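Next come the chains, spelled out residue by residue.
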Amino acid sequence: MALAAPNILGHPRLGLVFSKRNVRLAVERNRLKRLVRESIRLTQHDLPAVDIVVLARRGAGELDNETLHRQLHGMWRRLDRDVRKTNALNHESADSPRTGKAPE
RNA sequence: GGAGUUGGCCAGACAGUCGCCGCCGGAGCGAUCCGGGGGAGGAAAGUCCGGGCUCCACAGGGCAGAGUGCCAGGUAACGCCUGGGCGGCGCGAGCCGACGGAAAGUGCAGCAGAGAGUAGACCGCCUACGUCUCCUCCGGGAGGCCGGCAAGGGUGAAAGGGUGCGGUAAGAGCGCACCGCGCGCCUGGUAACAGUGCGUGGCAAGGUAAACCCCACUCGGAGCAAGACCAAAUAGGAACCCCAAGACGUGGCCCGCGUCGGGUUCGGGUAGGUCGCUCGAGAGCCGUGGUGACGCGGCUCCUAGAUGAAUGACUGUUCUCGACAAAACCCGGCUUAUCGGCCGACUCCCGCC
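Here the residue numbers are simple positions, counted from 1 along each chain's written sequence. In the order they appear in the text, chains get letters beginning with A and ligands get numbers beginning with 1. In keeping with the predicted nature of the model, local features appear solely for residues at pLDDT of at least 70, side-chain atom pairs appear and are counted solely at 80 or more, and the whole-chain, interface and lining totals rest on all residues. To obtain the side-chain values, all non-hydrogen atoms of the structure were used and water was disregarded.

Trainee: Can you help me understand the side chain of Asp-80 in this one?
Mentor: Only runs of H or I of at least four residues qualify as helices and only runs of E of at least two qualify as strands under DSSP, and these elements are numbered from the N terminus. Here Asp-80 is to be found in helix α2 (residues 65-93). Contact criterion: two residues are considered in contact whenever any of their non-hydrogen atoms come within 4.5 Å of each other. Those residues in contact with Asp-80, other than ones at most four positions away along the chain, are Asp-46 and Pro-48.

Here it is in structure tokens:
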């Protein structure tokens, strides 16, 4: 799961929350963090300027690399789409919602 | 060929591209860039012991508390390791053992059973001694009382050495022989301990000490969030200098009384940062002493150091298709998890020559 909010840095920024409670083994936690970082690294230029916090749900450690990459890629696409949509709305209403939420 | 015991080792490999964290060299005022090289484990785990290191405490001794517990050796130290002893398991190679003390004291133990601890008498055996009754062929016999015994049966996880002979009323280490046991000596061994050794004791009072306890030995506390250094903003403090005028409160007002300033420097200290942080009881090879753990000497090598915490992703080739699992100050152990593979030594069984 990921949470996102616009920032003023001009580029995306990543936060990671992988609790011992949801991912028991240190090996799995490190692997997940590496995969998320790698995914962001490869797609950072296509992402809007938002702060993203990625959280692990219980059982995330059991997914293999290929599945995770696919899911992350899909998540970034939907995030980009949602941000574009809210920006368009903002231009119309000049109002700025603080949080855009990307689904899982 | 099969079954097994034991010691050690490995933990996918190679190439390319893009990344992450240190280090070295170069360029740049700098941000940073370029090049080179390094980057998780045998258990990094559990945090159960031991030590180094750091800070705190400390004249000496005792008590309390905790731990350890056959002997010798190894080690910085250990609850670890090696060798040995004893006991147990296994045909064997081997494996397992908190393995000091129960005649210092206290405590604890369901059921069964007469009795479970200064032992005991249900069944049973005996009637010698003392005494009573009856019978008598006058030798004695039968029965009772008072009693004796613990061999046999029975209970139990466990009932106060075992076997045999003597002995006796019946019995009993009551006596003897052998076996076992205790104690002393001798011999071997550094010792634990062992002995077909010599002598001695009739045998000496169950179990439990991971129950209290006794004996011997060991142990100060806290931990890298230890500890050291640099050091904003804000608030407060100290010293010196400046102004000694003004502001505020009290009051109708003045006097009076109370409170307050500005600057510089310094010290403590928070955020933040730096160090501690990896060259070490270090690794490899060779030699050497030792049964071994291990020690000594020589040569060579430098081998993670992060701080939200770094090893990955993708592609290709290949194999036996990859288990358990991530350093956080360091090291020595123990314990636990683990797909599979390789090497050495040994044991038992079967077959063939």
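What follows continues from the structure just given.
Trainee: I keep staring at the protein's contact with RNA strand B and nothing clicks. Help me out?
Mentor: The rule for a residue being near a molecule or strand is that one of its heavy atoms must lie within 4 Å of it. All residues in the neighbourhood of RNA strand B are listed as Leu-16, Leu-25, Ala-26, Val-27, Asn-30, Arg-34, Leu-35, Arg-37, Glu-38, Arg-41, Asn-65 and His-69. Secondary-structure elements contributing two or more residues to the surface near RNA strand B are α1 (26-43) and α2. Broken down by element, the residue count for the surface near RNA strand B peaks at 8 residues, all from α1. Taken together, the residues of the surface near RNA strand B sort by class into 5 nonpolar, 3 polar and 4 charged. Think of it as three bins: nonpolar holds Ala, Val, Leu, Ile, Met, Phe, Trp, Tyr, Cys and Pro, charged holds Asp, Glu, Lys and Arg, and polar takes everything else, Gly as well.

Trainee: How do you make sense of the pattern of salt bridges when you look at a structure like this?
Mentor: Note on pairing: side chains with opposite charge can pair once their charged atoms come close. When a carboxyl oxygen of Asp or Glu lies within 4 Å of a side-chain nitrogen of Lys or Arg, that pair is called a salt bridge. Summed over the entire model, instances satisfying the criterion amount to 2 salt bridges. Ionic pairing is found between Asp-80 and Arg-84, a salt bridge with its closest N-O pair at 3.2 Å. Of this pair, Asp-80 and Arg-84 both sit in helix α2, 4 residues apart, which is roughly one turn of that helix. With a 1.4 Å probe rolled over the protein chains alone, any residue whose accessible area is under 20% of its type maximum counts as buried; one over 50% counts as exposed, and the rest are partly exposed. Judged by relative accessible area, which is 18%, Asp-80 ranks as buried. Judged by relative accessible area, Arg-84 falls into the exposed class, the value being 57%.

Trainee: Sorry, what's going on with the nonpolar core here?
Mentor: What tends to happen in soluble globular proteins is that the nonpolar side chains get buried as a cluster. What we call a nonpolar core is a set of buried Ala, Val, Leu, Ile, Met, Phe, Trp, Tyr and Cys residues that are connected through their side-chain atoms within 4.5 Å. If you look at the biggest cluster of nonpolar residues, it comprises 20 residues, and the most contacted ones within it are Ile-52, Val-54, Trp-76 and Leu-79. For this core, the secondary structure elements donating two or more residues are β1 (2-6), α1, β3 (50-55) and α2.

Trainee: Honestly, the pairing of β3 in this entry has me stumped. Any pointers?
Mentor: Side chains on a regular strand alternate between the two faces of the sheet. With burial as the criterion, only one face of β3 is covered, namely that bearing Val-50, Ile-52 and Val-54; the residues Asp-51, Val-53 and Leu-55 on the opposite face remain uncovered. The pairing criterion for strands is at least two bridges between them, as found by DSSP. By the bridge criterion, 5 bridges tie β1 to β3 in an arrangement that is antiparallel. For Ala-4, the partnering residue across the bridge sits in β3 and is Ile-52. Bridge analysis of strand β2 (residues 13-17) against β3 gives 5 bridges, and the strand direction is parallel.

Trainee: Any chance you could explain the confidence of the model for chain A here in plain terms?
Mentor: When pLDDT drops low, the exact placement of atoms in the prediction is not to be read closely. Per-residue confidence from the prediction method is given by pLDDT, with values spanning 0 to 100. Overall, the predicted model of chain A reaches an average pLDDT of 72, with 81% of residues at or above 70. Throughout residues 94-104 the model reports pLDDT below 50, and contacts reaching past four residues in sequence, or to other chains, amount to 19 contacts. Predicted complex metrics record ipTM = 0.66 and pTM = 0.68.

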